[in-house]
Amino acid sequence: AEDEVALFEKDMKEFWIQFKISYGTEQNNQTSALRDLCKETLEALSEKWSRKLKEEDLMIDKIHEYNNEILQQSKYVAEKEEQLTEIKSKLNQEEEQQKNLTDSIQELEEELMKKMEIKSSKNKAAKEKVEQVSKITTLFKENLGLEMRRIHDEQLQFIFRHIDHKDPDKPYICTLSINEQGDYEVTSCTPPLDCIAELQLKLRETNNFSAFVANIRKAFTALSYK
């Protein structure tokens, strides 16, 4: 019986040894397979994430490129807006200058029209005075021995005769013109009369040409007796 027990124990030991050997080999094989699987999995994941990282790097580069393009476009737009602002400012200045020029031209035109109207009015008044003198000429020439001539610079020359009783044909001359203001002005008097300035002033105040000529004749007549 002891031998059988010893044999059983021996068999059990051998079985246990064989079991350990068999189990350990299987475990080693499983561990090796698991390690290879993990390695392959890690390599696949590494390659996958490496591709992901590269794609992300490319995406970041693209984003930077787009940002740079946007920045350049923004600078370009800002420059164009500044140029447009300058152009608008220049246009506004030119419009203002044009308006000022137009206003100045209009003011000059209005001033010119006023001057032309004044000149026309003066010319009309001068023409009326000349016509008045012309109408009186015949009367004075026939009754008072007065001759009237139109000489240079639109002047009127009055030649009085029958003044000096010793020499009836002796001429007494007074020259009259109309100045820029439209007033009568004595430009010469032969022989000179002391009262000529007073007579000229009275003519301007009254515009009575007939009385002026009569007073000139009286003054010449008084002078001839001196």
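Look above for the structure.
All values reported here derive from a predicted model rather than from experimental measurement.

Draft legend 1. Main features of the packing of aromatic side chains. According to the stated counting rule, one finds five aromatic pairs in the structure shown. Note on Tyr 184 and Phe 209: the rings are 5.8 Å apart at their centroids and 35 degrees apart in plane angle, and the pair reads as tilted. Taken together, the positions of Tyr 184 in strand E4 (residues 184–190) and Phe 209 in helix H3 (residues 209–224) put the pair 25 residues apart, joining distant regions of the chain. Assigned by exposure class, Tyr 184 and Phe 209 land together as buried. Measuring from ring centre to ring centre gives 6.3 Å for Phe 209 and Phe 212, while their planes differ by 35 degrees; the resulting arrangement is tilted. Of this pair, Phe 209 and Phe 212 both sit in helix H3, three residues apart, which is roughly one turn of the helix. Across this residue pair, the class does not change: Phe 209 and Phe 212 are buried.

Draft legend 2. Quick peek at helix H2 (residues 196–206). All of the buried residues along H2 are Ile 196, Leu 199, Gln 200 and Leu 203. End-on, the buried residues of H2 take up no more than an arc of 100 degrees, which puts them together on one face. Turned more than 90 degrees from where H2 packs its buried face, Ala 197, Glu 198 and Glu 205 sit exposed. Tucked into the core, H2 has its buried residues touching strand E3 (172–178), E4 and H3.

Draft legend 3. Focus on the side chain of Arg 217. Mapped onto the secondary structure, Arg 217 falls in helix H3. Asp 169 provides the closest opposite charge to the buried, salt-bridge-free Arg 217, at an N-O distance of 11 Å. Within the structure, the side chain of Arg 217 is placed 3.2 Å from the backbone oxygen of Arg 161, a separation counted as a polar contact.

Cut-off values and rules
- Residues numbered from 1 in each chain as written.
- Predicted model: local features only at pLDDT ≥ 70, side-chain atom pairs only at ≥ 80, totals over all residues.
- Heavy atoms only, no water.
- Phe/Tyr/Trp six-rings, centres within 6.5 Å; stacked < 30°, edge-to-face > 60°.
- Helix = DSSP H or I, 4+ residues; strand = E, 2+ residues; numbered from the N terminus.
- Buried < 20%, exposed > 50% of the residue type's maximum accessible area, 1.4 Å probe, protein only.
- Arc of directions from axis to C-beta.
- Contact = heavy atoms within 4.5 Å.
- Lys, Arg positive; Asp, Glu negative; His and termini not counted.
- Salt bridge = Lys/Arg side-chain N within 4 Å of Asp/Glu carboxyl O.
- Polar contact = N/O pair within 3.5 Å; in protein donor to acceptor, adjacent residues only side chain to side chain.

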